[in-house]
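These are the residues of each chain, in order.
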Amino acid sequence: MTKKLPIVLISVLALWLSGCSDRIGMAEQAMVDIRNQPAQPIEPPPQTELVEDFVYSANTLRSPFLPPSLVNAQGTSSVTNGIRPDLNRIKEPLEQYELAQLIFRGMLISPEGQQYALVQRPDGSVASVKVGDYIGLNDGRIVEITPTQINLIEIVPDSRAGFIERPQSLVSPIS
């Protein structure tokens, strides 16, 4: 019985391997048949239609998305409050940076009593500013310098095609 076991195992293994090669052969034959079929034509893309330009001419009318109460408030708010950035003013060096890029490093007082704040730029250099100077991208005018922060007023656009003043601070990281 022990002599027959290796023969049975070898014959089962041979049958199993021949089954594998038969499936591989069938797959290869199917691929050959597919490759021998004539190529089918590809449909051309659909023709594009030319769309006529639309000119929106109701931009001066009341917005249909706002209730009349907000439209009345909009007409009397920041559009007529006179708050506008001074476009003729020469920009100061620290107005090319966002406030988040600037770091308040400290305060100095001159012998004459003038307060100066030391502000570090992104490149590591330090500039001195005083009350009345401008910093930041939103026309931020410095109104107060304390030992721990610089308080300023920015002029930012509001949601009603005007501008509003917004208080902002540049705080020392070691305060």
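Report follows, based on the coordinates. Source: prediction; values computed, not measured.

## Describing the pairing of strand β1 (residues 103-109)
The pairing of β1 with strand β2 (residues 115-120) spans six bridges and is classified as antiparallel. Paired with I109 across the two strands is Q115, which belongs to β2. Turn length for the β1-β2 hairpin, with the two strands adjacent in sequence and antiparallel, is five residues, and the turn residue G113 shows positive phi of about 95°.

## Description of the environment of P147
Along the polypeptide, P147 turns up in the loop between β5 (140-145) and β6 (149-157). The class for P147 is exposed, based on a relative accessible area of 63%. For the pair P147 and F104, spaced 43 residues apart in sequence, the C-alpha separation works out to 9.8 Å. Ignoring sequence-local partners within four residues, the contact set of P147 consists of F104 and M107.

## Digging into the pairing of β6
Where β5 and β6 come together, four bridges link them in antiparallel fashion. Looking across to β6, one finds that I145 is bridged to I150. Following β5, the chain reverses through three residues before pairing antiparallel with β6. Taken together, the nine bridges between β6 and strand β7 (residues 163-171) define a ladder with antiparallel strand orientation.

## Observations regarding the sheet that holds β1
Read across the open sheet, the three strands follow the order β1-β2-β3; overall the sheet is antiparallel. Edge positions in the open sheet fall to β1 and β3 (126-129), since each of these has one partner strand only. Ignoring which end each strand starts from, the neighbouring axes of this sheet average 25° apart.

## Comments concerning the side chain of S172
For S172, the position within the fold is in the segment after β7. Here S172 falls in the buried class, since its relative accessible area comes to 8%. Other than its neighbours up to four places away in sequence, S172 contacts F104 and T148.

## Concerning the sheet that holds strand β4 (residues 134-135)
The four strands are arranged β4-β5-β6-β7 in an open sheet whose pairing can be described as antiparallel. The open sheet is flanked by β4 and β7, the only strands paired with a single partner.

Rules of the game
- Residues numbered from 1 in each chain as written.
- Predicted model: local features only at pLDDT ≥ 70, side-chain atom pairs only at ≥ 80, totals over all residues.
- Heavy atoms only, no water.
- Pairing = 2+ DSSP bridges.
- Helix = DSSP H or I, 4+ residues; strand = E, 2+ residues; numbered from the N terminus.
- Buried < 20%, exposed > 50% of the residue type's maximum accessible area, 1.4 Å probe, protein only.
- Contact = heavy atoms within 4.5 Å.
- Axes fitted to C-alpha atoms, helices over the stretch in contact; angles between N-to-C directions.

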